Amino acid sequence: MNPQYTDLANQVAMMIKKQGKNSLQSICDLLRDQVPHFNWVGFYFMNDEKRVLEIGPYAGDETEHTVIPYGTGICGQVAISGKSFLVEDVSKEDNYLACSLTTKAELVVPIYKGEVLIGQIDIDSHKRNPFTLHDEDFLKQICDWLGEVL
């Protein structure tokens, strides 16, 4: 893991160890506070029966997108593909759900419990092209840990 994220990863790991599934809001707050280009951090969870994502804890501006149909927007596309999705410039994405006029880029990483896709972490940034592979690797690690406790 990138040294930039080592301390932060340790803090998240401790939160998950101590709080389990109750750590989600703390994780959102920590990531938003500690990573300058993470301006909105939140979780969405699968509702396969209704084929929608339902919002979980988040940190950042309020959003009207509390329920997202599978296939709609970046999060909805991840619900179908089950793979991370990085959008460097949301203005160039045809299937983008605008949560805020200030959002310029988005990174969504899926959360699996074993082989089952159960949710995702969604990161919005006010900067274009702010995300690196280190960001994605860091978030994948968090999602792996969460997959063990959710």
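As a reminder, the structure under discussion sits directly above these lines.
Residue positions within a chain follow its written sequence, with the count starting from 1. Local features in this predicted model are restricted to residues whose pLDDT is 70 or higher, and side-chain atom pairs enter the listing and the counts only when it is 80 or higher, whereas totals over whole chains, interfaces and linings include all residues. With hydrogens and water excluded, all non-hydrogen atoms of the structure serve as input to the side-chain values.

## Digging into the packing of helix 1 (residues 3–19) against helix 2 (residues 24–34)
What describes two packed helices is the angle between their axes and the distance between those same axes.
At step 1: Under this scheme, a helix contributes an axis fitted over its contacting stretch, all axes are lines through C-alpha atoms, and angles between N-to-C directions fall in the 0 to 180 degree range. Secondary structure elements are defined from DSSP: runs of H or I of at least 4 residues count as helices, runs of E of at least 2 residues count as strands, and each element is numbered from the N terminus. At a minimum axis distance of 10 Å, the contact between helix 1 and helix 2 shows a crossing angle of 165°. With respect to helix 2, the axis of helix 1 lies roughly antiparallel. As helix 1 runs across helix 2, the sense of the crossing is right-handed. Residue-level contacts link Leu 8, Gln 11, Val 12, Met 15, Ile 16 and Gln 19 of helix 1 to Ser 26, Ile 27, Leu 30, Leu 31 and Gln 34 of helix 2. Should an angle fall under 35 degrees it is taken as roughly parallel, and over 145 as roughly antiparallel, whereas 65 to 115 is taken as roughly perpendicular and any remaining angle as oblique. Here a crossing is taken to be left-handed if its near helix is turned anticlockwise relative to the far helix by less than a right angle, and right-handed if that turn runs clockwise. Contacts are assigned to residue pairs with any non-hydrogen atoms lying within 4.5 Å of each other.

## A short note on the environment of Ile 142
At step 1: As for its placement among the helices and strands, Ile 142 is situated in helix 4 (residues 133–149).
At step 2: Residues contacting Ile 142, with those up to four places away along its chain left out, are Val 12, Ile 16 and Leu 31.

## A closer look at the pairing of strand 5 (residues 105–113)
At step 1: With a 1.4 Å probe rolled over the protein chains alone, any residue whose accessible area is under 20% of its type maximum counts as buried; one over 50% counts as exposed, and the rest are partly exposed. Along strand 5, seven of the nine residues are buried, which leaves the element largely enclosed by surrounding structure.
At step 2: At least two DSSP bridges between two strands are needed for those strands to be called paired. Here strand 4 (residues 85–87) pairs with strand 5 via three bridges, running antiparallel. Opposite Leu 86, over in strand 5, you have Leu 107 as the bridge partner.
At step 3: In terms of strand pairing, strand 5 meets strand 6 (residues 116–125) through nine bridges, oriented antiparallel. Following the sheet pairing, Ala 105 is matched in strand 6 by Ser 125.
At step 4: The loop that links strand 5 with its antiparallel partner strand 6 comprises two residues; one of these, Gly 114, has a positive phi angle of about 65°.

## Looking at helix 3 (residues 73–81)
One full turn of an α-helix is made of 3.6 residues, so residues set three or four places apart face in the same direction.
At step 1: Residues Gly 73, Ile 74, Cys 75, Gly 76, Val 78 and Ala 79 constitute the buried set of helix 3.
At step 2: For helix 3, the elements touching its buried residues are strand 1 (40–47), strand 2 (52–59), strand 3 (67–69), strand 4, strand 5 and strand 6.

## Some thoughts on the sheet that holds strand 6
At step 1: Taken in spatial order, the six strands of this open sheet run 3-2-1-6-5-4, and their pairing is antiparallel. Where the open sheet ends on each side, the last strands, each with one partner, are strand 3 and strand 4. Here the average twist between neighbouring strands, direction ignored, is 25°.
At step 2: Across the sheet, helix 2 lies against strand 1, strand 2 and strand 6, angled at about 60° from strand 2, the strand it touches most.
At step 3: Packing against the sheet, helix 4 makes contact with strand 1, strand 5 and strand 6, and its axis sits at approximately 30° to strand 5.

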